[in-house]
Each structure stands twice: as structure tokens, then as C-alpha cells.
Amino acid sequence: MTTPDKSDTMLNGLKEISSSLVGTVLSKKEIAEKLYEGLSKSFELTNIHVFFLTPASTETDYSYPSDSTPQFPVDFEWVLNFHKTVIANKELGPITLLHVYEEVIYLYEEKNKGTSSPNISPDYPLGSYFLLESEDKEIVSIIYIDSTENKKPFNKPSQIIKEIEINIDHIHNFLTEITLAIDNLYIHHKIENLLSDKNKLTQRIQRDEEDLKQRILELSVLYETSNALGYSLNYSQIASLALESLGKVLVYDICSIFLDRKSTRLNSSHQIISYAVF
């Protein structure tokens, strides 16, 4: 059992780490390191593994420490199913503690006797799991705790787990701050994505406006040129008008039109009409 002195030391340590989470946006690695530091200092005999879940998914996108992570299946589908069917209706708040035994999953409830369900996912390591729930009621992180005080089958809560339950209030406050830090990170990512989408949309609108202006210009020039051609009496005027109109919608240095004598009945074999823009 945790002595008063040890409990005060643990509480002060957790408060110190919690204060470092406020007012800043931390990366998943930084949050996981602080979470690991807080729990490992409080419970020195415990193996701790932190998992972050991809939002709206059962798959993990980050784990810590990466070099000693136990062999878990590729996702935590059973955890989310258990949360949806058993936990969600109980309104226990953002932090939930589960004990997974060989045959049952036990939901720890501080004010009640708890809830047991059959363990239908024996592939997962036996031990205790903290589930961290976001403001959107989604599981954003799972903390796996496995006592190293003995290697016997996990059939009943170890001394470490009993200590966790005794000090659940301190741990609950600490993990709530951790959950808020994760929420802040995801909100920051959402804002960045929204700003990026806004910039892309703005650029697309600008391109569309430029394309529309260019199209209107082309149609206006075509309309004006068509009207003007009706008053032109010779090929030279028509060619000059065409070149001048073309210069309004295309950027070029020099352009020429060749008129063939046979088709135009010109006196010379060919006539060249040029229009230059510099």
C-alpha cells in the first residue's frame, strides 16, 4: 500500500508534469514521454506501453516506448467494441480502467463493484488498460500496464494494480490533463488542415476567376472582331484586324499571315501581312 509520504511525492510529481502540459501544443512523442515519466516514477515496478489511436479508427499510429512494445494485434478493435457496448452507457468520464484476465475483462468502477465481461480476445496481453477518451467520445490513447513483480498468469490484481486503484484520484487527474493535451494536438492538426484546405480553395478560386476573365475577354474580342469584319473591304484590312484582335488575347512578339495569290486574286504571288507587339 502507498504510504502518505510516497503518495505526496507521487502527487507532486504528477502535478509538476501536468503543469508542463498547459499552454502549449506537444507532439505525440512529447506527450507519451511525459505520460510514461509520470506513471513510471509513481509505479517503479511496472511496464508501461502507450498507444495513440488514429482518430475514428481502431489502428494505432504511434506507440511508446517503441523498442519494448509487447506483441499486440494490429488494432484495438476489441477495446473499442467493449467501450461501445459496456462503457459508453455508464458515463464514467474520459478515463477508464480495465483489468484483462485470462477469462474475463473487469471494468473498474470506483463507486461500484465493477462490471465483468467474458474475455473474447485472448490474443491481447493480459494486464491493465487505461482508456483515454476525447471530447468527441472517441478513444484517443490506450495505456497498457503489466506488473513485473512476478511472471505468473495475470489472474488477479497485483500489488501494483492495487496501488493504482488506491491512488486512482491522483492518476485520474493526471490522465485527464494528458487527454486534454492529446485533444489540443488533434484540434491543432484539424485547424492546420482547415487552413491548408482554405488556402487551396482560395488558390483554386483565383485560378477559376482568371480563367473566367480570360474566357470573357476571348468571347468579347471574337464578338467585336466578327462585327468589324462585316465592314472590311479588302484582305489587307481583314488580316490586320485579325492580327490586332489576336494580340488582345494572346501574348506574342510577332505574328504573320500569308495570303495566297490564287485564293485571294492578288497581283503578286504572295503577300505577307505582319503585326508585331514588343
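Everything below is about the structure shown above.
Before going into details, it helps to say that this report is about the structure given with it. (Residues numbered from 1 in each chain as written. Predicted model: local features only at pLDDT ≥ 70, side-chain atom pairs only at ≥ 80, totals over all residues. Heavy atoms only, no water.)

Here leucine 14 shows up in helix H1 (residues 4-19). In the structure, leucine 14 is positioned 27 residues away from lysine 41 in sequence and 9.0 Å away in space, judged by C-alpha atoms. Apart from residues no more than four positions distant in its own chain, leucine 14 is found in contact with Gly38, Ser42, His170, Ile171 and Phe174. (Helix = DSSP H or I, 4+ residues; strand = E, 2+ residues; numbered from the N terminus. Contact = heavy atoms within 4.5 Å.)

Below, the discussion takes up the side chain of lysine 28. With respect to the helices and strands, the residue lysine 28 is situated in helix H2 (residues 28-42). Residue class for lysine 28 comes out buried when judged on its relative accessible area of 17%. Ignoring anything within four residues of it in the chain, the contact list for lysine 28 reads Phe52, Asp61, Tyr62, Leu185 and Tyr186. (Buried < 20%, exposed > 50% of the residue type's maximum accessible area, 1.4 Å probe, protein only.)

Two side chains carrying opposite charge are able to pair once their charged atoms lie near each other. Enumeration over the complete set of coordinates arrives at two salt bridges. A salt bridge links glutamate 33 to lysine 29, with the shortest nitrogen-to-oxygen separation between them at 2.4 Å. Here glutamate 33 and its partner lysine 29 are both found in helix H2, four residues apart, which amounts to about one turn of the helix. In this structure, arginine 215 engages glutamate 218 in a salt bridge whose closest nitrogen and oxygen atoms are separated by 3.6 Å. Of this pair, arginine 215 and glutamate 218 both sit in helix H5 (residues 168-229), separated by three residues, roughly a single helical turn. (Salt bridge = Lys/Arg side-chain N within 4 Å of Asp/Glu carboxyl O.)

With 15 residues, helix H6 (residues 235-249) extends 22 Å between its outermost C-alpha atoms, agreeing within 8% with the 21 Å of an ideal straight helix rising 1.5 Å per residue. Turning to H6, its buried residues are Ala239, Leu241, Leu243, Ser245 and Val249. (Expected span 1.5 Å × (residues − 1).)

Attention shifts here to the packing of H2 against H5. Packing of H2 against H5 brings their axes to within 10 Å, and their N-to-C directions diverge by 175°. Compared by their axis directions, H2 and H5 come out roughly antiparallel. Along its contact with H2, which presents Lys28, Ile31, Lys34, Leu35, Gly38 and Leu39, the element H5 presents Ile171, Phe174, Leu175, Ile178, Ala181, Ile182, Leu185 and Tyr186. Its residues placed into classes, the contact of H2 with H5 shows eleven nonpolar, one polar and two charged. (Axes fitted to C-alpha atoms, helices over the stretch in contact; angles between N-to-C directions. Parallel < 35°, antiparallel > 145°, perpendicular 65-115°, else oblique. Nonpolar A, V, L, I, M, F, W, Y, C, P; charged D, E, K, R; others polar.)

Here we come to a nonpolar patch on the surface. There is a patch of nonpolar side chains on the surface, built from Ile187, Ile191 and Leu195 and spanning about 260 Å² of accessible area. Relative to the helices and strands, isoleucine 187 is located in helix H5. (Patch = residues over 30% accessible without salt bridge, like charges linked within 9 Å, V, L, I, M, F, W, Y side chains within 5 Å. Areas by Shrake-Rupley, 256 points an atom, 1.4 Å probe, with all protein chains shown as cover.)

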